[in-house]
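An overview of the molecular structure
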Amino acid sequence: MSELEQHEINIGFIPLLDCVAILWAEKQGYFQEQGLKVNLIREASWASLRDRLAYGFLDVAHCLSAMLPAAALGQDQLKANLQTPLVLSINQAFISLRQDICYALDLHPDFDEKTSSQKVVQALKENKRVNLAHVYKYSIHHFCLREWLALTDPDLAKNFHMLTSPPPSMVKGIAQHVFDGFCVGEPWNIQAQIEGHSFIVASSPNIIPAVADKVLAVCQEWAEQHPLTLKALVTAIQKAQADLQQRTDLSEVWEMLVDYKIIQFECSDHQHVYDFHKIQTIIRNMHGESAQPKLEDFSWLLQQMEKWEDIEMTATEKKQIAQSCIYQQEATTV
């Protein structure tokens, strides 16, 4: 593998289930098979990850899909050309609300998304406090919360102020009543529910399309300078993705997630059984049928930015931006 342009790679990640393929590729030696030495760097927040990727402290990152078009537009506090060759997860986020608020609103966890939306919007119109948090402004979680509220009142959804919290801080935030509900990926909804703080009241697949949630992201300039290195990285992670999909026993994967402090609660096939199997199902079906980035996913993200932030773009501009977010692998031909 001496032809690789770079052998040591810094990969940033946020502790969520959907970074599992990156962690598993390292644990199983798939990066090493490709001639790579990978340094896995746990980031504190999506904002820090974005900055460190844009400024070159990270070579590659586990990244929110919406960060890519936002960075291309310069909406994300900086303008950067970020691209992805690989989808890490499709939307599998959930909305959770504090249990005492669910009780006060007579909102049961088995209600559908329309009913839970109606309950919360009615409370907001009665000036009751229901502070909601998302993981980042440019994320499917933000858009999911707005679309959820919009099932009942689109005007309220557009003007509703939301708080921001890094995923690992969600449980602490709801436990300390910093906010009353949140939208985040797993395992943080499950942990908050197991610990008695909240209930899951809505699921993103029932609110928004099955678009990419997390992607493997690189700066365009780095990708152009390191095509063989990037190809090796993608090959290793795809091997991990395939292994996770097919593996019948995920006990080693589970132990790895515990070691990385992504899973921080007791859960097994005899304790919190449904949650245990839910997590295993998510791991096996992380990216759906294909991990290839899709133009329509980034087009949808841009439509959401138009809808909720009044950003004006022509159809041609949207198509160009969406295309710019996808790394064209044919450019790696040597």
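Residues numbered from 1 in each chain as written. Predicted model: local features only at pLDDT ≥ 70, side-chain atom pairs only at ≥ 80, totals over all residues. Heavy atoms only, no water.

Brief notes about the nonpolar core
- Phe 31, Trp 148, Leu 149 and Leu 233 are the most contacted members of the largest nonpolar core, which totals 127 residues.
- The element contributing the most residues to this core is helix α12 (residues 227-246), with eight residues.
- For this core, the two domains that each supply at least three residues are domain 1 (6-89 + 210-323) and domain 2 (91-204).
- Discounting residues that sit within four places of it in the chain, Leu 233 has contacts with Ile 9, Ile 11, Phe 31, Leu 36, Val 38, Val 60 and Trp 222. (Core = buried A, V, L, I, M, F, W, Y, C linked by side-chain atoms within 4.5 Å. Buried < 20%, exposed > 50% of the residue type's maximum accessible area, 1.4 Å probe, protein only. Helix = DSSP H or I, 4+ residues; strand = E, 2+ residues; numbered from the N terminus. Domains from an automatic or database assignment. Contact = heavy atoms within 4.5 Å.)

As for the domain arrangement of the protein
- Domain annotation of the protein identifies domain 1 (6-89 + 210-323) and domain 2 (91-204).
- For domain 1 versus domain 2, the separation of C-alpha centres amounts to 24 Å.
- Tallying the contact residues gives 43 residues for domain 1 and 29 residues for domain 2.
- Taken over both partners, the interface formed by domain 1 and domain 2 buries close to 3000 Å², and the fraction arising from carbon and sulfur atoms is 65%.
- Interface area lost by domain 1 to domain 2 is led by Phe 265, Lys 278 and Trp 308, which between them contribute 22%.
- Scanning the region where domain 1 abuts domain 2 turns up four salt bridges.
- Along the contact surface separating domain 1 from domain 2 lie eleven residue pairs in polar contact (both at pLDDT 80 or more).
- A class-by-class count of the residues in the side of domain 1 that touches domain 2 yields 24 nonpolar, eight polar and eleven charged. (Buried area = accessible area lost by both parts, 1.4 Å probe. Salt bridge = Lys/Arg side-chain N within 4 Å of Asp/Glu carboxyl O. Polar contact = N/O pair within 3.5 Å; in protein donor to acceptor, adjacent residues only side chain to side chain. Nonpolar A, V, L, I, M, F, W, Y, C, P; charged D, E, K, R; others polar.)

A few points about α12
- For α12, which comprises 20 residues, the first-to-last C-alpha distance of 29 Å matches the rise-based estimate of 28 Å (1.5 Å per residue) to within 8%.
- What α12 keeps buried is the set Pro 227, Thr 229, Leu 230, Ala 232, Leu 233, Val 234, Ala 236, Ile 237, Ala 240, Gln 241, Asp 243 and Leu 244. (Expected span 1.5 Å × (residues − 1).)

Describing the sheet that holds strand β5 (residues 94-98)
- Across the sheet, five strands lie side by side as β7-β6-β8-β5-β9; this open sheet has mixed pairing. Because the sheet does not close on itself, it has two edges, and the strands there are β7 (163-164) and β9 (198-203).
- Pairing between β5 and strand β8 (residues 181-184): four bridges, direction antiparallel. Of the residues in β8, the one forming a bridge with Phe 94 is Val 184. (Pairing = 2+ DSSP bridges.)

Remarks on the pairing of β5
- A large share of β5 lies buried, amounting to five of its five residues.
- Burial along β5 is two-sided: Phe 94, Ser 96 and Arg 98 facing one way and Ile 95 and Leu 97 facing the other are all buried.
- Relative to β9, β5 runs antiparallel, the two sharing five bridges. Bridged to Phe 94 within β9 is Ser 203.

A closer look at the packing of helix α15 (residues 295-309) against helix α16 (residues 315-324)
- Relative to each other, α15 and α16 sit at 125°, their axes nearing to 9 Å. The angle between α15 and α16 falls in the class oblique. Both α15 and α16 take part in a crossing whose hand is right-handed. Contact residues: α15 offers Leu 295, Phe 298, Ser 299, Leu 302, Gln 303 and Glu 306, while α16 offers Lys 318, Lys 319, Ile 321, Ala 322 and Gln 323.
- Here the residues of the contact of α15 with α16 are counted per class, giving five nonpolar, three polar and three charged. (Axes fitted to C-alpha atoms, helices over the stretch in contact; angles between N-to-C directions. Parallel < 35°, antiparallel > 145°, perpendicular 65-115°, else oblique. Left-handed = near helix turned anticlockwise from the far one by under 90°.)

Considerations on unusual backbone geometry
- For the bond running from Glu 186 to Pro 187, omega is 20°, close enough to zero to count as cis.
- In this structure, Pro 187 sits in the loop between β8 and α10 (188-194).
- Its identity is not glycine, yet Asp 106 carries a phi of approximately 55°, on the positive side.
- Here Asp 106 is to be found in the loop between α5 (99-104) and α6 (113-125).
- The phi dihedral of Asn 127 is positive, around 65°, even though this residue is not glycine.

Concerning a negative patch on the surface
- On the surface, a cluster of negative charge is made up of Asp 249, Glu 252, Glu 255 and Asp 259.
- In this fold, Asp 259 is placed in helix α13 (residues 251-259).
- Among the residues examined, Asp 259 registers a relative accessible area of 59% and is labelled exposed. (Patch = residues over 30% accessible without salt bridge, like charges linked within 9 Å, V, L, I, M, F, W, Y side chains within 5 Å. Areas by Shrake-Rupley, 256 points an atom, 1.4 Å probe, with all protein chains shown as cover. Lys, Arg positive; Asp, Glu negative; His and termini not counted. Charge placed at Lys NZ, Arg CZ, Asp CG, Glu CD.)

A few points about the pattern of salt bridges
- Considering all chains together, one arrives at 17 salt bridges under this definition.
- Note that Arg 98 and Asp 180 form a salt bridge whose closest N and O atoms lie 2.4 Å from each other. Here Arg 98, found in strand β5, pairs with Asp 180, found in the loop between α9 (170-175) and β8; they are 82 residues apart in sequence, far enough to count as distant. The pair formed by Arg 98 and Asp 180 is uniform in burial state, with each residue classed as buried.

Focus: the pairing of strand β1 (residues 8-13)
- For β1 and strand β2 (residues 37-42), the ladder comprises six bridges, and the chain directions are parallel. When the bridges of β2 are listed, Phe 13 appears paired with Arg 42.
- Bridging between β1 and strand β3 (residues 60-64) involves two bridges; their strand directions are parallel. Residue pairing across strands places Ile 11 opposite Val 60, the latter belonging to β3.

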